[in-house]
Amino acid sequence: MEGNILDELVLEHGKSEELRAALDCLKDASAADGGPRYSDKTCRAVARAVVCRNYARPILELSHMIVAASAGGRFEDIFWGVDRATGAAFHRCFAELSRAAPTLECGPKAITARYDDGQFEISYSRMPFLAAMLEFLVGAIGYTEIDAATESVRSGDRRIGEVSIAAQALSRRLYDFLKTHLPTVQARRRERHFLDFVANAYPGTAALDAIGDDVVLDYWCRAAATEMEIEIKTYRGVHQTACRLIVALDAAASRLAATRAKPIGQNFELGEVDPADAEWVAQAIDEGTQTLSDVARLIGPDVKFLTAVELETLAEIPATDTVRRRLPKSVLRSAVFGFQQARISNVLRLSSKPAKVAELCQCRDAEPYADHLATYGEVVTKLRDVLMTALALLHAAGHDAAIDLALAPAPDLDWGQLRAGMGGDEAVVAFGPALAKRAFFEAEGGRLAALPGLLKEARETLRRINRKGIGRAAQGAGEVGSIAASVPPALSTYVALSRFVNDACGPFDWEQQFRTEREQFAAVFRAIYILPGSEETLHARR
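Residues numbered from 1 in each chain as written. Predicted model: local features only at pLDDT ≥ 70, side-chain atom pairs only at ≥ 80, totals over all residues. Heavy atoms only, no water.

1. Brief notes about the overall build of the protein chain
Counting its regular elements, the protein chain contains 27 helices and three strands. Residue burial in the protein chain is summarised as follows: out of 542 residues, 49% are buried. Of the contacts made within the protein chain by residues no fewer than 6 positions apart, 73% connect residues no fewer than 24 positions apart. Within the structure as shown, the protein chain displays about 25500 Å² of accessible surface, and the carbon and sulfur contribution to it stands at 51%. (Helix = DSSP H or I, 4+ residues; strand = E, 2+ residues; numbered from the N terminus. Buried < 20%, exposed > 50% of the residue type's maximum accessible area, 1.4 Å probe, protein only. Contact = heavy atoms within 4.5 Å. Areas by Shrake-Rupley, 256 points an atom, 1.4 Å probe, with all protein chains shown as cover.)

Here's what the structure looks like:
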């Protein structure tokens, strides 16, 4: 069952807004009484046929149905003349049409369209699905394309082969549309391949529980030298696949809990929850595949909390907390050895230097994990300094965002001491949000001096930091407003990065980890990029 879940979830997260809108039109189509024109089951079936790219046969059937419906005039009269799309309604329409159309035979369960070179049968129970497929195609590729592709077979060319040609033209047009609006078949195959490995390596364990740092490295070591796809050969590609699947599985688990543990699948009679309509999945994965750099880029352009180099560093770290906690080693591996593998690929692409490839495959000059982790720590320190600068400016301006900033760099402050001086020990004082805010901004010396020098540190930092929009000159009302607007994404970035560095990456012996894994990566690189033979006769694989 879990494999079927992921097949749907992986496809769902890659749907474009345009594709989702075209599929949503089916759900929104209404009958004269205001009820839905198509059943939920029909809408799901169309969505599944499209996202699984299993549309060739349905489009062939649809093309024959269009020809059959054209026997009495315009095919639209049948497709959109039916108020509520049911098999019985289409049966009545074709029964009436067949009385004046000798090319049609209306049986109890299906119509038979007769051609000069054969015949084609379409069941009434299939027609609601085909009608919904037509409506989807109108939204996706346009009515003009459908009209043009089927014009010749509707106007009198009574051969089955010509209908097949028209159906192929429609399939190609839909294929072109889906190339830019749906994940590729290759992407789906990669993730299916990864999940199959997890299932075989850890039988009886749910994929969400099994996917971790060791699994990612083990999968890459086993598959990289034998599989042909570049995303499997590159460690970064495998790491990104694992990140996406963790987010998808986590979203599915949350949904299961929210639906009282109903199973996800396609057996709707048993009450299974169909993931094809799961907008919660799309939202979760769209957010979950972001990096901390994507979060940080939400900072306004007028305020330079982070430099371009720091943003590039943050692009290595997933924005989703679940992924960061589950794959801290994979993040470092992707940053260090993913970069090393990119260097090898560049040499192969730009020149034919097998000796240089052999040297890079040894990974002797790869950056140690501890050094790279220290780079993350430097970004944490610099971002904290800039946040402290913002705190000084916002506090001086009396802006509420200063309170949020004070909590992040010093979460253990004794805020209760703000009550000092408001009355004796036995006095009853209503210390609500408004009074606390006033005490925070107005207290100098007395009450605020009891806190551990937070504002003093912020002012001292302000004197030595001078970045665009946030330095010593940024003290006007306009600058303060821009800084305040940028605080939420800057603060989120800081909290996430500091937790990753201090908590997720804290328990490991990174020096020993690097020594061990450098040999592993070097061995796989040699297997991928160097054919067997001595170093004098190395031949780099292209």
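2. Focus on the packing of aromatic side chains
Any pair of aromatic rings gets described here by the distance separating the centres and the angle formed by the planes. Evaluated as defined, the whole model comprises 16 aromatic pairs. When the centroid spacing of 5.4 Å and the interplanar angle of 75 degrees are considered together, the rings of Y369 and F514 count as edge-to-face. With a gap of 145 residues between them, Y369 in helix 21 (residues 369-396) and F514 in helix 27 (residues 510-529) connect regions that are remote in the sequence. Across the pair, F514 and Y369 agree in class, each one buried. (Phe/Tyr/Trp six-rings, centres within 6.5 Å; stacked < 30°, edge-to-face > 60°.)

3. Section: the environment of F136
Along the polypeptide, F136 turns up in helix 7 (residues 127-140). Using a relative accessible area of 0% as the deciding quantity, one classes F136 as buried. Sequence separation between F136 and V50 is 86 residues; the distance between their C-alpha atoms is 9.5 Å. Setting aside its immediate chain neighbours within four residues, F136 contacts L19, A22, L23, L26, V46, V50 and L174.

4. Comments concerning the packing of helix 4 (residues 56-69) against helix 6 (residues 87-98)
The geometry of a pair of packed helices is captured by two quantities: the angle between their axes and the separation between those axes. Contact geometry for helix 4 and helix 6: axes closest at 11 Å, N-to-C directions at 45 degrees. Accordingly, the angle class assigned to the pair helix 4 and helix 6 is oblique. For the pair helix 4 and helix 6, the contacting residues are M65, A68 and A69 in the first and F90, F94 and L97 in the second. Here the contact of helix 4 with helix 6 is composed, by residue class, of six nonpolar, no polar and no charged. (Axes fitted to C-alpha atoms, helices over the stretch in contact; angles between N-to-C directions. Parallel < 35°, antiparallel > 145°, perpendicular 65-115°, else oblique. Nonpolar A, V, L, I, M, F, W, Y, C, P; charged D, E, K, R; others polar.)

5. As for the packing of helix 19 (residues 328-350) against helix 20 (residues 354-361)
Contact geometry of helix 19 with helix 20 gives a least axis separation of 10 Å together with a crossing angle of 175 degrees. Our classification of the angle between helix 19 and helix 20 gives roughly antiparallel. On helix 20, the residues touching Q340, R343, I344, V347 and L348 of helix 19 are K356, V357, L360 and C361. Looking at the contact of helix 19 with helix 20 residue by residue, the class counts come to six nonpolar, one polar and two charged.

6. Some words on the side chain of S63
Mapped onto the fold, S63 is located in helix 4. Sequence-distant contacts of S63, that is, excluding residues within four places in its chain, are made with V163, A167 and L170.

7. Concerning the pairing of strand 3 (residues 118-123)
Bridge count for strand 2 (residues 110-115) against strand 3 is six bridges, and the pairing is antiparallel. Bridge pairing in strand 3 links A110 to S123. Taking the residues that link successive antiparallel strands as the turn, the strand 2-strand 3 hairpin has two residues. (Pairing = 2+ DSSP bridges.)

8. Examining the pairing of strand 2
Within strand 2, five of the six residues are buried, which leaves the element mostly enclosed by the surrounding structure. For strand 1 (residues 104-106) and strand 2, the ladder comprises three bridges, and the chain directions are antiparallel. Directly across from E105, in strand 2, lies its bridge partner T112. The hairpin turn running from strand 1 into strand 2, its antiparallel successor, is three residues long.

9. Regarding the sheet that holds strand 1
Strand pairing within a sheet occurs via backbone hydrogen bonds; the two strands may be parallel or antiparallel. The strand order across the open sheet formed by three strands is 1-2-3, and the pairing between neighbours is antiparallel. Of all strands in the sheet, those bounded by a partner on one side alone are strand 1 and strand 3. Direction aside, the axes of adjacent strands within the sheet are offset by 20 degrees on average. The strands that helix 4 touches are strand 1, strand 2 and strand 3; relative to strand 3, the one it contacts most, it runs at about 105 degrees. Relative to strand 1, helix 6 is tilted by about 130 degrees, and along the sheet it contacts strand 1 and strand 2.

10. Focus on the nonpolar core
Among the nonpolar cores identified, the biggest contains 93 residues, and F194, W220, F305 and Y376 are the most heavily contacted of them. Tallying contributions element by element places helix 21 first for this core, with 14 residues. Discounting residues that sit within four places of it in the chain, F194 has contacts with I211, V215, V216, Y219, V238, T241, A242 and L245. If you look at the next biggest cluster of nonpolar residues, it comprises 60 residues, including L97, Y115, Y124 and I141. (Core = buried A, V, L, I, M, F, W, Y, C linked by side-chain atoms within 4.5 Å.)

11. Considerations on helix 8 (residues 143-154)
Since one α-helical turn is 3.6 residues long, residues separated by three or four positions face the same way. Restricting attention to buried positions, one finds in helix 8 the residues I146, A149, T150, V153 and R154. End-on, the buried residues of helix 8 take up no more than an arc of 135 degrees, which puts them together on one face. Pointing more than 90 degrees away from the buried face of helix 8 are the exposed residues T144 and A148. Of the surrounding elements, those touching the buried residues of helix 8 are helix 4, helix 7 and helix 9 (160-179). (Arc of directions from axis to C-beta.)

12. What to know about the environment of S293
You can see S293 is positioned in helix 16 (residues 292-296). With 13 residues separating them in the primary sequence, S293 and L306 have C-alpha atoms 9.8 Å apart. Once residues lying within four places of it in the same chain are set aside, the contact partners of S293 are L311, L314 and A315. Within the structure, S293 has its side chain in polar contact with the backbone oxygen of L311 (distance 3.1 Å). (Polar contact = N/O pair within 3.5 Å; in protein donor to acceptor, adjacent residues only side chain to side chain.)

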